[in-house]
Amino acid sequence: MNYLYFEWIKLKSRRWIWALAAISIVGLPVAIKVVMGVSYINNEVAEGQFMEYAAFGFISFSSMYLFIPLWIIVFIGTEFGNGHVNQVVFNASDKDYFISKLVYCLLISLAYCLLGVITMVLVQVTAPFKVMVSLNFYGVFIFQSFFTFLSIALLFMAITFVARSIAVVFVSYFLLSFTEDLAFMFVKKIYDTELFFLPFHITSSLYVKGGERLTANYYNLFQNFDSRVLLLPVFLLAILWLTYRDFTKRELKPLSD
Amino acid sequence: MESGANTMLLTSTEVSKSFRKKLVLNKVNFSVNLGEIVGIIGPNGSGKTTLLNLIMGLLKVDSGTISCNHALSAAVSRKGFFEGMTVYDNMKVYAHLKKQNLSEIDRALELFDIDFGKTNFGKLSAGMKQRVALAQAFMGDYKLILLDEPTNHLDIDSIFKLRSAIEARKKSGTSFILTSHVLTELEKLCNRALFLFKGKIVKEVTATDTGFANLEEEYLKLSVK
């Protein structure tokens, strides 16, 4: 089975997807441009930090509700809801479906990474002052954004596979994210310990120090290497393995009218 | 038709299935031979659809085994199609899944007189959706096709088309498992009828050269018991 082609025909054949894509393609660069403009006028961002601030904005915006999570939750959730998963499992196999969704996450991450590069170029070219950025900045940005997006996409893929319902995943996302931020904040304040390993923190740790998404602390992973980041692939592999196990062991809803 | 009409294609041995401790299928035994059409008759909730889902591997048996020598095709539901996608694009997804050429799509659409390939699946009537589901099942050269209440929502012309499609495929050696509440339809098509009541096959009737004895009468007798 050609997973890439399989995902692509499903993506390109639905008209509403192009509307959704337009929101990202137009909305994200414009939003970042506006935020950067306002922040500069209000002296909230130093000229030397301008591009880092834009990079942080792009990655964190993309990782939120309307962007990467939406693409993952709505697509995979719809396939569970409309019986498509059953048909793929029947006509191919559960393994094929799981792999096709990994490929889908890869596609979405690549698309957002590309959009990120375009946005960064746009921010640089239209900045209110001359911005000097090395190629190295772009290299690091591509690495950090791609792997952050992939981690976020895989995390949401896992949640959607377990919950199997769009509504349940969105509510879980909201509750999990909210509870996690609270827990992180309280434990840090009271015990001076960072709960770095919590799902949303660890997946953000590639671009923001300590995974603290509420601070705009974008960092160059290669210059300020935090060894705790190495836990991320282990965490993702464990999550994916458990999700795959659950998917193959748990029955799908029977197909009937 | 291939030689050896008695070649076993599918065997269900002592298959049981429960949902939340409610026994839905209780030690179901039956087999399907090459080129044979087997009808499963039973009231709502008797376990017909569950049995088909088990054969498809979408549900797991609690005990017993189902073995099948060939790849299957099935139309057990109008689900599994994307509402926001055209009929043709939906069929393209299935052609890829079933490893079929795109020419198979045209053949299958033609078989059920589907001239609304460019219409979004979500905009179709229930009968049109049913025809698309059937066309999907008839794509490819499968030796066994499962059809769950295939005449549901179909108009008379489409029922005739379905009947001739089944008969044509039977001639080329394809076997079918059909469930239906329309007993006269099963009488016309099937070689064998299995009566499934409360999860158990309570009777098996084989058609003779002159067809079945009255299935309706048989059903009434069994349902009174």
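Student: Pulling in residues and values, what's your account of the nonpolar core?
Tutor: In summary, soluble globular proteins display a tendency toward joint burial of nonpolar side chains. Counting 151 residues, the largest nonpolar core has Trp-71 and Ile-72 of chain A together with Phe-138, Leu-147 and Ile-177 of chain B as the members making the most contacts within it. No other element matches helix α7 (residues 135–163) of chain A, which puts 15 residues into this core.

Student: I'd like a description of the sheet that holds strand β2 (residues 22–33) of chain B, backed by residues and values.
Tutor: Residue and element names in this part refer to chain B. In space, the three strands of this open sheet follow the order β2-β1-β4, with antiparallel pairing throughout. Two strands bound the open sheet, and with one partner strand each, they are β2 and β4 (63–68). Strand-to-strand twist of the sheet, defined as the mean angle between neighbouring strand axes without regard to direction, takes the value 15°. Strand direction decides the pairing type here: strand β1 (residues 8–19) and β2, joined by eight bridges, are antiparallel. Bridge pairing links Leu-10 to Val-32 in β2. Contacts between helix α1 (residues 48–56) and the sheet are confined to β1, β2 and β4, with β2 contributing the most and set at about 65° to the helix.

Student: Kindly report on the pattern of salt bridges, identifying the contributing residues and their values.
Tutor: As a working rule, side chains carrying opposite charge can pair if their charged atoms are close by. Under the counting rule described, the total for this entry stands at 17 salt bridges over all chains. Measuring nitrogen to oxygen at the nearest pair gives 3.1 Å for the salt bridge that ties Arg-228 of chain A to Asp-226 of chain A. As a salt-bridge pair, Arg-192 of chain B and Glu-36 of chain B come within 2.6 Å of each other at their nearest N and O atoms. You can see Arg-192 of chain B sitting in strand β8 (residues 192–197) and its partner Glu-36 of chain B sitting in the loop between β2 and β3 (37–41), a full 156 residues away along the chain. For the pair Arg-192 of chain B and Glu-36 of chain B, a shared accessibility class is recorded, and that class is buried. Residues participating in the shared-partner salt-bridge network are Glu-7, Lys-10, Glu-79 and Lys-101 of chain A.

Student: Mind laying out unusual backbone geometry, listing which residues take part and the relevant values?
Tutor: Residues and elements named next belong to chain B. A positive phi is found at Arg-20, a non-glycine position, where the angle reads about 45°. Considering the arrangement of structural elements, one finds Arg-20 in the loop between β1 and β2. Notably, Lys-27 is not glycine yet its phi reads approximately 50°, a positive angle. Within the secondary structure layout, Lys-27 lies in strand β2. Judged by relative accessible area, Lys-27 falls into the partly exposed class, the value being 48%.

Student: So what about empty space enclosed by the protein? Which residues, and what values?
Tutor: Enumeration over the complete set of coordinates arrives at two cavities of 30 Å³ or more. Taken as a whole, the largest cavity holds about 60 Å³ of empty space. Lining the largest cavity, in full, are Pro-150, Thr-151, Ile-159, Leu-162, Arg-163, Leu-178, Thr-179, Ser-180, Glu-185, Leu-186 and Leu-189 of chain B. Every element with two or more residues in the lining of the largest cavity is listed here: α5 (156–171), β7 (175–179) and α6 (183–189) of chain B. What the second largest cavity holds in volume is close to 30 Å³. Looking at the second largest cavity, the residues that line it are Lys-33, Met-36, Gly-37, Phe-50, Val-123, Ala-127 and Pro-128 of chain A. For the lining of the second largest cavity, the leading source of residues is helix α2 (residues 15–41) of chain A, giving three residues. Across the lining of the second largest cavity, the residue classes break down as five nonpolar, one polar and one charged.

The rules behind the values
Positions within a chain are numbered from 1, following the residues in the order the chain's sequence is written. Ligands are numbered from 1 and chains lettered from A, in the order in which they are written. Totals for whole chains, interfaces and linings use all residues, but because this is a predicted model, local features are given only for residues with pLDDT of at least 70 and pairs of side-chain atoms are given and counted only at 80 or more. By convention in this description, side-chain values take in all heavy atoms of the structure and omit both hydrogens and water. Buried Ala, Val, Leu, Ile, Met, Phe, Trp, Tyr and Cys residues that are joined via side-chain atoms within 4.5 Å together make up what is termed a nonpolar core. Each residue is assigned to one of three classes by its accessible area relative to the maximum for its type, calculated with a 1.4 Å probe on protein chains only: buried under 20%, partly exposed between the two thresholds, exposed over 50%. Strands here mean DSSP runs of E at least two residues long; helices mean DSSP runs of H or I at least four residues long; both are numbered from the N terminus. Following DSSP output, two strands are said to pair if at least two bridges run between them. Fitting a line to C-alpha atoms yields each axis, with helices limited to the stretch in contact; the angle taken between N-to-C directions then spans 0 to 180 degrees. Here a residue-residue contact requires only that any non-hydrogen atoms of the pair lie within 4.5 Å. By convention in these notes, a salt bridge is any Lys or Arg side-chain nitrogen within 4 Å of a carboxyl oxygen on Asp or Glu. Using a grid of 1 Å spacing that covers the protein atoms alone, one calls a set of points a cavity when a 1.4 Å probe fits there but cannot get out, and a pocket when the set is open and has protein on both sides within 12 Å along at least five of seven lines; lining residues are those with an atom within 4 Å of a point. Grid points are joined across faces, edges and corners, and a volume is the space filled by probe spheres set on the points. When residues are sorted by character, Ala, Val, Leu, Ile, Met, Phe, Trp, Tyr, Cys and Pro go into the nonpolar class, Asp, Glu, Lys and Arg into the charged class, and all the rest, Gly among them, into the polar class.

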